[in-house]
Amino acid sequence: MKKLKLDIIGLSYSQTQSGAYALVLGEVSGRRRLPIIIGGFEAQAIAIEIEKMTPSRPLTHDLFKSFAEAYHIHIQEVIIYNLVEGVFYSKLVCSDGKKTLEIDARSSDAIALAVRFGCPIYTYEFILASAGIVIEGNDFVFLDNIEPVEEPKITGNNYTSFSDQELQTKLQQALTEEAYEKAAKIRDEIAKRKNT
């Protein structure tokens, strides 16, 4: 299977899960975005490295990098290789120069290590096709310093009462507001209608 390279677009507070964050990855050669819900600790670990901040004591991911480098192990790439019931599965492709191994990891940890090792992040088409959000037009979205947007809480699937055109409008509005989780729910309703 052909791998598709991803870049980190940014982090924002999760609008649906308290204490969680949305890590948004973007397709390098396209307009699709892949939002992944991660915990606060992993979000902090990713943000600290992206911002080139130095914590007073090493974080767990920094310790892992120091440990790996002490034994001449390098992470060559991270691959988000599967998606099952909303859970992303990732692996680290590691090498000591003689042998290459793949190690299973949570996607949030794998990406926190990818930013520390400066290695590329990849996924496959079927994952972007099923969980990706398409950015249309020339609206490229960056999530630097995003504050959470207050919106009514959605209980269940309240999008069933909207027409197809209303759903498309709401999807574009959610993407403009960078409300990726809301956009994913709307996208799921649109996809469900196409399959029935």
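Residues numbered from 1 in each chain as written. Predicted model: local features only at pLDDT ≥ 70, side-chain atom pairs only at ≥ 80, totals over all residues. Heavy atoms only, no water.

It is the contact of helix α1 (residues 40–50) with helix α3 (residues 107–117), at a shortest axis distance of 9 Å, that shows an interaxial angle of 15 degrees. Looking at the two axes, α1 sits roughly parallel to α3. α1 and α3 meet at a crossing whose hand is left-handed. Across the interface between the two elements, E42, A45, I46, E49 and I50 of α1 pack against S108, D109, I111, A112, V115 and R116 of α3. (Axes fitted to C-alpha atoms, helices over the stretch in contact; angles between N-to-C directions. Helix = DSSP H or I, 4+ residues; strand = E, 2+ residues; numbered from the N terminus. Parallel < 35°, antiparallel > 145°, perpendicular 65-115°, else oblique. Left-handed = near helix turned anticlockwise from the far one by under 90°. Contact = heavy atoms within 4.5 Å.)

What follows concerns the packing of helix α2 (residues 60–70) against α3. Put simply, α2 and α3 touch, their axes get as near as 10 Å, and they point 60 degrees apart. By the angle between their directions, the pair α2 and α3 is classed as oblique. Relative to α3, the crossing made by α2 is right-handed. Residues H61, D62, F64, K65, A68 and E69 of α2 touch α3, and the partners they reach there are D109, A112, L113, R116 and F117. Taken together, the residues that form the contact of α2 with α3 break down as five nonpolar, one polar and five charged. (Nonpolar A, V, L, I, M, F, W, Y, C, P; charged D, E, K, R; others polar.)

With that settled, consider the pairing of strand β5 (residues 87–95). Taken across its nine residues, β5 has seven buried, putting it largely inside the fold. Two strands pair when backbone bridges link them, and strand β4 (residues 74–84) and β5 are joined in this way by nine bridges, in the antiparallel orientation. Its bridge partner being in β5, E77 is matched across the sheet by V93. Sheet topology places β5 next to strand β6 (residues 100–106); seven bridges connect them, and they run antiparallel. By the bridge assignment, L92 is partnered in β6 with I103. Joining the antiparallel neighbours β5 and β6 is a turn of four residues, in which G97 adopts a positive phi near 95 degrees. (Buried < 20%, exposed > 50% of the residue type's maximum accessible area, 1.4 Å probe, protein only. Pairing = 2+ DSSP bridges.)

Looking now at α3. Among the eleven residues of α3, ten are classified as buried, and the element is accordingly described as predominantly covered. All buried positions along α3 are accounted for by S107, S108, A110, I111, A112, L113, A114, V115, R116 and F117. Of the residues trailing α3, G118 is marked for its positive phi of about 65 degrees.

Let us look at the nonpolar core. Counting 32 residues, the largest nonpolar core has L34 and I80 as its most contacted members. Elements represented by at least two residues in this core include exactly β1 (3–13), β2 (20–27), β3 (32–39), α1, β4, β5, α3 and α4 (125–131). No other element matches the six residues that α3 contributes to this core. Among residues more than four places away in sequence, those in contact with L34 are L6, L23, V24, L25, I80, F88, I127, L128, A131 and G132. Counting residues in hydrophobic clusters, the runner-up holds five residues, among them Y159, L171, I186 and I190. (Core = buried A, V, L, I, M, F, W, Y, C linked by side-chain atoms within 4.5 Å.)

Any functional reading would require information that these geometric values do not contain.
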